[in-house]
Amino acid sequence: AQYLARCRADYAADAGPAGLATPPLLTGKDLRQAGLPPGPLYGHLLARVEDEQLEGRLRTRTEALNLALRLAREAGASPPP
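Okay, so let's go over this structure.

About the thresholds
Residues numbered from 1 in each chain as written. Predicted model: local features only at pLDDT ≥ 70, side-chain atom pairs only at ≥ 80, totals over all residues. Heavy atoms only, no water. Helix = DSSP H or I, 4+ residues; strand = E, 2+ residues; numbered from the N terminus. Buried < 20%, exposed > 50% of the residue type's maximum accessible area, 1.4 Å probe, protein only. Contact = heavy atoms within 4.5 Å. Areas by Shrake-Rupley, 256 points an atom, 1.4 Å probe, with all protein chains shown as cover. Expected span 1.5 Å × (residues − 1). Axes fitted to C-alpha atoms, helices over the stretch in contact; angles between N-to-C directions. Parallel < 35°, antiparallel > 145°, perpendicular 65-115°, else oblique. Left-handed = near helix turned anticlockwise from the far one by under 90°. Nonpolar A, V, L, I, M, F, W, Y, C, P; charged D, E, K, R; others polar.

Notes on the overall build of the protein chain
Along the protein chain, the regular secondary structure elements total 4 helices and 0 strands. Taken from the N to the C terminus, the helices and strands of the protein chain come in the order α-α-α-α. In the protein chain, which comprises 81 residues, the proportion classed as buried is 25%. A separation of at least 24 residues holds for 58% of the contacts in the protein chain among residues at least 6 apart in sequence. Approximately 5,400 Å² of the protein chain is accessible, and the part contributed by carbon and sulfur atoms is 56%.

Focus: helix α3 (residues 41–54)
Compared with an ideal rise of 1.5 Å per residue, which puts 14 residues at 20 Å, α3 spans 20 Å between its outermost C-alpha atoms and is within 8% of the ideal. Regarding α3, the residues found buried are Tyr-42, Leu-45, Val-49, Asp-51, Glu-52 and Gln-53. Two residues or fewer past α3, Gly-56 is found with a positive phi of approximately 85 degrees.

Let's talk about the packing of α3 against helix α4 (residues 61–74)
Running from N to C, α3 and α4 point in directions that differ by 135 degrees, and their axes come no closer than 10 Å. One element, α3, and the other, α4, form an angle in the oblique class. The handedness of the crossing between α3 and α4 comes out as right-handed. Of the residues in α4, those in contact with Leu-41, Leu-45, Arg-48, Val-49 and Glu-52 of α3 are Ala-64, Leu-67, Ala-68, Leu-71 and Ala-72. Considering only residue class, the contact of α3 with α4 consists of 8 nonpolar, no polar and 2 charged.

Things to note about α4
Because an α-helix packs 3.6 residues into every turn, residues spaced three or four apart end up facing the same way. Taking 1.5 Å of rise per residue, the 14 residues of α4 would be expected to cover 20 Å, and the 20 Å separating its terminal C-alpha atoms lies within 8% of that figure. If you check which residues of α4 are buried, you get Ala-64, Leu-65, Leu-67, Ala-68, Leu-69, Leu-71 and Ala-72. In this fold, the buried residues of α4 make contact with α2 (28–33) and α3.

Everything listed is a geometric property; what it means functionally is a separate question.
Structure, rendered in structure tokens:
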């Protein structure tokens, strides 16, 4: 957990070669638009998506949203049908 926190901090501090930090693939707004009710689960979902993005396993918003929705279903939360 400390390692990931350090990675997040390093990632946020690294402006990259073009001087711009890479934006997150997914935000709370995206989760709301997907129909997930706001709540504490958002933080967990966004952190997991960010971890996967930093590890290079997610490259698109669609991949990020699919992961977040799968994790939400596994946690017992899902968007309305």
